[in-house]
Amino acid sequence: MFPDRNIVIVFLVAVALWYAAASQNSSLAYLLLFWLCSLILVSIVRARANVANLKITVRSGPPGFANENPKLTCEVFNPSGHPRFALKLRMAGFELAREAIISRIPPGETVSVEFELKAVRRGVHRFEALEVESRFPFQVLIGRAWAPTQGSFLVYPKLAGVLPLPESIARLEAVAGEIPSPMGDDFYGLRKYNFGDSQRHVDWKAVARGHPMMTKQFGGSAHGELWLDWRTLEEFGFEARISQLARWSCEAELAGQTFGLRLPRLELAIGRGEPHLHDCLKALAVYQVDP
Amino acid sequence: MTSHQSPQSNRLGRGSLLWVVTGLTMAVLPVASTLPIWVTLAFLGSGVWRIYNEASGRPLPSGPVRLTLFVIALIGVVLSVGGPLSSDSGVSYLVILTALKFLELRTPRDFVLIASLGYFLLLSGFFFSESLASTVYSLLAVSVLTTGVVRLTMGPPSAIRGGEEIRQTLWMILQAAPIALILFLLFPRMQSLQFQLFRQEKGKTGMNDEVRPGAFSQLAMTREEAFRVEFDEGNIPDFSAMYWRGVVLWEPMDDGFSWRQGVKSTVPQPLPRKGSRTVWQTITLDPHRQRWLFAMDHPIALEGMGEFVAGGILESKNEVRKRIRYRVLSEYGGRFDSQDFGRRMKEPSRVDPGVRALAEEWKSGDAKPDEIVRRGLLFFREGFRYTLEPGDYRSGGLREFLLERRKGFCEHYAAAFASLMRIAGVPAVVVLGYQGGEINRVGRFVTVRQSDAHAWTEVYLGPDRGWVRIDPTTVVAPDRVAFGMDPFAQIGDAASRAERLDRISDAVEPKGLAGFLQHLRYNWDAVSYQWDLAVLSYDGEMQSLVYHFVGLQPNSSAVWIVMLIFLALVLGLMSWLMKQPRRRGRSGTLSVLYRQFCDFLAKRGVNRESWEGPVAFGERAAQRLPSVAEPIRVVARQFAEARYGRDMDGAVQKVEAERTIRAQLRKLRKELARSAG
């Protein structure tokens, strides 16, 4: 509970009313004074109750990049029997790009608001609590409360760098017309299930849809092996290397290229697809300098 | 399920503006009559302009424009009401400042400021009227202002249901009421605080300590209340006995048409005479900024702050600046004599020969004082006319009144009669006060208004008869005294006798609507009388009674402690209540509506299985009741969407869904009722 500086105005009015009441010995002026005072007292209780006891859950959507504003969804549940008004939410330790305001939460209901934080650096960001603030009901008193809400969200590295995607060895080989080896680990098609095939290679999803059992076939790198390697970027700074690798990862994924990521003491095997890209970007996001 | 609301920096929202402009207008209206008309118009214009401006989204006037307007307005007020601050001109300044504030009403801070100005405007309204009606009105205005502030804090209107701000404000006022009551009863009132910034001319009586009937061409009288009288055991004396004694004027001035009070002296209280009728009365006197304490003629004992002064009248030690109460024992029904009168024989300083001849004529034949009085009254019976608009007598004075125009009201007759008596050698004085009043049968009290003001005379008829009240006006206009002043004030001399009779409180009971209205008015008067007693006259003295009642010493710190404990209890209880979780069963409107829907269909034989979702159930019900298939499907779909749907944008759409469901439920009932009937 914090008074706004404008409470001085209200205070002056109260003093003036008191003066008028006492000097005129006027019961009505006293009545007006006590009316004002009691409303202020009630508003203290109301302002507190308006922000207290809210249950807040924060859901993070797909991670964004470090130069973008991270977006979170904040679900505010009002367990009490009275509606809440004009709630302004803040997240401890983060700056909001836009104000997050909820106009009204009816009793027993949940209202969501999107949280757009100001851009933060890459990595996993933890938050401990949300601050709820409201000037309801009288503008001059600010009700403030902390709602413990633990969680975290991930921010990918900024995509940057000017270097083109390194040519993969495999692509050159593919151009040369080499037939993919049947024992690679890149999926290239389905064939009819033969007894004895590894159960791990059965396309169970198709089975679940009622199709006959099929075996997934994997070959070597269809497009060759593309390694995005930390060591190839020695002339750049630490963050620039991370950004360049992140950018390459995205470009490779966009191009449908399989790729792997090599960082000092960390290697992500050749792969493709959204989950693979996510793994790579996450690895880059949390990668720290050696101590 | 997200709600986006961008902050609107310069826009306050039309809702809150409308509220606050309305509230301020309400605050200004009661004092509008005391303002220069242009101030009121500027205020209204500026308020309306600000609302229009908000709606059209145009920018507010720039700083230099506002400064120019400010200077012009200030000069205007100084020219209209004068520079120095007094209570009257102060209100004009306040109103014009509020009007100017409208032009720069931009931030929430401005908003709080202008709402505060509203409190001052209402406060200034209290200087003009303290009645229950104006108090209720003021509290209404201040509630409207409060609603405006609450609306402002609620932010943009998108998710706020209509009337939400009213509900919240009313709720808060209800919560505030007990706190206000505690403060009102226990907050120590400062008795010693007598400093004043400026004095207000609150409560002017139509009465002065002199009469100059010749100087006024007409008598302006208001229905404003002067005082209220409650008689012990409710035995209200006859209307004709109700002369309320106020001031005695001892000295005739100039030609005898004007009288003044002259020197006063404090005398011991007169004792009641044996055999006379006495009555105790409790009088609640409105402030009149004089020291007179009115009482029924003539008072013989007083309880309360005040003293007897020469002439058998009561005076307060200080000017009566606030409503006061006192108890008086009065003697009535017989003649009275009071040893302290002294014989007042002084003639007017210059008597017109014609007037002297008239008085000398009454004295002829060595007439006794009572014979002189009788002759004098006979003289007034012929050719005089009672009117409230006699025109002025500035040049002709007493002679012109008595011998030429012969038109006037009570003050003319009292002053003239007393002067004539003095010239004829009979001691006489003019008495000012009130006569009659309105008997409120509901509250069992008498309301005496300014329009009941009256002047009469007292003459000394010798040691055995003492001083006798002679009211020459009764000779000229008997109804004036019998029925009160009002008929004359309202319907003039041409009033029919029947209409006048209607005015008599006790004699005639009006029928029909008039009776109902009168009854209503009596009830309202009775309530506001209680209000006056309980609230307006609640002061330090009454407060000490309350302290004693709860066992507290006045002026002790215990008072503060007890008050703070009370406040803490109330506030603690309130915050505990606010903390309570929502009660089960009274869940959101949506579920209530859905339950209504299910119950309704159950009555028609379609029971929802516990595992059945709204859409499946709705479909089944629609097939069973094909005549109302459409509304059933709509309700089921709306409920499913509002409760489980993904793209519900917070409260707004929920409210809309509720509205749709409600409408469809109505349709459903109507349709089925029609098919059944």
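The rules behind the values
- Residues numbered from 1 in each chain as written.
- Chains lettered and ligands numbered in written order.
- Predicted model: local features only at pLDDT ≥ 70, side-chain atom pairs only at ≥ 80, totals over all residues.
- Heavy atoms only, no water.
- Helix = DSSP H or I, 4+ residues; strand = E, 2+ residues; numbered from the N terminus.
- Contact = heavy atoms within 4.5 Å.
- Buried area = accessible area lost by both parts, 1.4 Å probe.
- Salt bridge = Lys/Arg side-chain N within 4 Å of Asp/Glu carboxyl O.
- Polar contact = N/O pair within 3.5 Å; in protein donor to acceptor, adjacent residues only side chain to side chain.
- Axes fitted to C-alpha atoms, helices over the stretch in contact; angles between N-to-C directions.
- Parallel < 35°, antiparallel > 145°, perpendicular 65-115°, else oblique.
- Left-handed = near helix turned anticlockwise from the far one by under 90°.
- Pairing = 2+ DSSP bridges.
- pLDDT = per-residue confidence, 0-100.
- Phe/Tyr/Trp six-rings, centres within 6.5 Å; stacked < 30°, edge-to-face > 60°.
- Lys NZ or Arg CZ within 6 Å of the ring centre and 35° of its normal.
- Core = buried A, V, L, I, M, F, W, Y, C linked by side-chain atoms within 4.5 Å.
- Buried < 20%, exposed > 50% of the residue type's maximum accessible area, 1.4 Å probe, protein only.
- Patch = residues over 30% accessible without salt bridge, like charges linked within 9 Å, V, L, I, M, F, W, Y side chains within 5 Å.
- Areas by Shrake-Rupley, 256 points an atom, 1.4 Å probe, with all protein chains shown as cover.
- Lys, Arg positive; Asp, Glu negative; His and termini not counted.
- Charge placed at Lys NZ, Arg CZ, Asp CG, Glu CD.
- Expected span 1.5 Å × (residues − 1).

**Q** How should I be thinking about the overall build of chain B in this particular structure?
**A** Each helix and strand in chain B was counted, giving 22 helices and 19 strands. For chain B, the proportion of contacts with a sequence separation of at least 24, taken over those separated by at least 6, is 71%.

**Q** Explanation requested: the interface of chain B and chain A in the structure shown.
**A** When the parts of a complex come together, some accessible area is lost, and that lost area is often taken as the interface size. Contacts between the two partners involve 74 residues from chain B, matched on the other side by 61 residues from chain A. Buried surface at the junction of chain B and chain A, both sides included, amounts to about 6,300 Å², of which 67% is carbon and sulfur. Among the residues chain B hides against chain A, the three largest losses belong to Tyr119(B), Thr153(B) and Met578(B). Together they make up 11% of the total. Viewed at the interface, chain A and chain B are joined by one salt bridge. With a shortest N-O distance of 2.7 Å, Glu164(B) and Arg104(A) are connected by a salt bridge. Our count for the contact surface shared by chain B and chain A stands at five residue pairs in polar contact (both at pLDDT 80 or more). Looking at which element gives the most residues to the side of chain B that touches chain A, the answer is helix H7 (residues 164-186) of chain B, with eleven residues.

**Q** Can you help me understand the packing of helix H2 (residues 27-51) of chain A against helix H5 (residues 108-126) of chain B in this one?
**A** Any two packed helices are characterised by how steeply their axes cross, that is the angle between the axes, and by the distance between the axes. Axis separation between H2(A) and H5(B) bottoms out at 9 Å; the angle between their running directions is 155°. If you check the angle between H2(A) and H5(B), you find them roughly antiparallel. The element H2(A) and its partner H5(B) pack so that their crossing is right-handed. Each of Leu28(A), Ala29(A), Leu32(A), Trp35(A), Leu36(A) and Leu39(A) in H2(A) lies in contact with H5(B), whose residues at this interface are Tyr119(B), Leu122(B), Leu123(B) and Phe126(B).

**Q** Teacher, can you tell me more about the sheet that holds strand S4 (residues 251-253) of chain B here?
**A** The strands that make up a sheet are held in pairs by hydrogen bonds between backbone atoms, and each pair lies either parallel or antiparallel. One open sheet holds the three strands; their spatial order is S1-S5-S4 (chain B), and the pairing between them is antiparallel. Among the strands making up the open sheet, the edge pair consists of strand S1 (210-211) and S4 of chain B.

**Q** How do you make sense of the confidence of the model for chain B when you look at a structure like this?
**A** Keep in mind that low pLDDT regions are not for reading the predicted coordinates in detail. Residues and elements named next belong to chain B. On average, residues of chain B score 78 in pLDDT, and 81% of them are at 70 or above. Under a pLDDT of 50 for its full length, residues 1-10 has, in the predicted model, 28 contacts with residues more than four places off or in other chains. Across residues 192-205, confidence stays below pLDDT 50; counting only partners more than four residues off in sequence or on other chains, it has 37 contacts. Across the interface, the model reports ipTM at 0.75; the global pTM reads 0.63.

**Q** When you look at the packing of aromatic side chains in this model, what are you seeing that I'm missing?
**A** Each aromatic ring pair is described using two quantities: the centre-to-centre distance and the angle formed by the ring planes. Here the structure, examined in full by the defined rule, presents 32 aromatic pairs over all chains. Here a set of aromatic residues connected by ring pairs shows up, and it is made of Phe257(B), Trp362(B), Phe379(B), Phe380(B), Phe384(B), Phe401(B), Tyr413(B) and Phe417(B). Against the face of Phe2(A) rests Arg144(A), its NZ or CZ located 4.5 Å from the ring centre.

**Q** Would you mind going over the nonpolar core with me for this structure?
**A** For soluble globular proteins, the rule of thumb is that nonpolar side chains tend to be buried together. Leu17(A), Leu32(A), Leu39(A), Phe138(A), Val95(B), Tyr119(B) and Ile179(B) are the most contacted members of the largest nonpolar core, which totals 93 residues. For this core, the element with the highest residue contribution is H2(A), accounting for 14 residues. Leu17(A) has contacts with Ala29(A), Leu32(A), Leu33(A), Leu36(A), Tyr119(B) and Leu123(B), leaving out every residue within four places of it along the chain. Grouped together as the second largest cluster of nonpolar side chains are 76 residues, Phe239(B), Val355(B), Leu358(B) and Val430(B) included.

**Q** Would you mind going over a positive patch on the surface with me for this structure?
**A** All names here are of chain B. Where like charges cluster on the molecular surface, the positive patch consists of Lys603, Arg604, Arg659, Arg662, Arg666, Arg669 and Lys670. By residue number, the principal contributor to the positive patch is helix H22 (residues 650-676), which donates five residues. Checked against the element boundaries, Arg669 lands in helix H22.

**Q** I would appreciate a short explanation of helix H6 (residues 274-286) of chain A in the present structure.
**A** Working note: α-helix, 3.6 residues per turn, so residues spaced by three or four point in the same direction. For H6(A), with 13 residues, the first-to-last C-alpha span of 18 Å sits near the 18 Å given by 1.5 Å per residue. Of all the residues in H6(A), the buried ones are His276(A), Leu277(A), Cys280(A), Leu281(A), Ala283(A), Leu284(A) and Ala285(A).

**Q** Before we go on, may I ask you to explain the sheet that holds strand S2 (residues 55-60) of chain A in this structure?
**A** All names here are of chain A. The three strands are arranged S2-S4-S7 in an open sheet whose pairing can be described as antiparallel. Each edge of the sheet is formed by a strand with only one pairing partner; in this case those strands are S2 and strand S7 (110-116). The average undirected angle you get between the axes of adjacent strands in this sheet is 25°. Where strand S4 (residues 71-77) meets S7, seven bridges bridge the pair, whose relative direction is antiparallel. Directly across from Val76, in S7, lies its bridge partner Val111.

**Q** I would appreciate a short explanation of the side chain of Arg422(B) in the present structure.
**A** All names here are of chain B. Tracing the chain through its elements places Arg422 in helix H11 (residues 410-423). Despite being buried, Arg422 has no salt bridge partner; Glu251 is the closest side chain of opposite charge, sitting 8.0 Å away. In this structure the side chain of Arg422 is engaged in a polar contact, spanning 2.9 Å, whose partner is the backbone oxygen of Trp250.

**Q** Please clarify how the pairing of strand S2 (residues 225-231) of chain B should be interpreted in this entry.
**A** Looking along a regular strand, one sees side chains alternate from face to face of the sheet. Residue and element names in this part refer to chain B. Of all seven residues that make up S2, six are buried, and the element is covered over most of its length. Two strands pair when backbone bridges link them, and S2 and strand S17 (residues 445-449) are joined in this way by four bridges, in the antiparallel orientation. Bridge pairing in S17 links Glu225 to Arg449.

**Q** Before we go on, may I ask you to explain unusual backbone geometry in this structure?
**A** Only a minority of non-glycine residues have a phi that is not negative, and only a minority of peptide bonds are not trans. Here Phe136(A) and Pro137(A) are connected by a cis peptide whose omega angle stands at 0°. Mapping Pro137(A) onto the fold places it in the loop between strand S8 (123-134) and strand S9 (141-156). Cis geometry is adopted by the peptide bond preceding His298(B), which originates at Asp297(B) and carries an omega value of -15°. One can find His298(B) in the loop between strand S8 (295-296) and strand S9 (299-303). One non-glycine residue, Ala86(A), lies in positive phi territory at about 45°.

**Q** Please clarify how the pattern of salt bridges should be interpreted in this entry.
**A** In the structure shown here, the tally under the stated rule is 41 salt bridges over all chains. In this structure, Arg291(B) and Glu315(B) form a salt bridge, with 3.9 Å as the shortest nitrogen-oxygen distance. Highlighted residues: Arg291(B) in the loop between strand S6 (277-285) and strand S7 (292-293) and Glu315(B) in strand S11 (residues 313-315), separated in sequence by 24 residues. Judged by relative accessible area, which is 31%, Arg291(B) ranks as partly exposed. Several salt bridges converge on common partners, so that one network encompasses Arg90(A), Glu131(A), Glu133(A) and Arg144(A).

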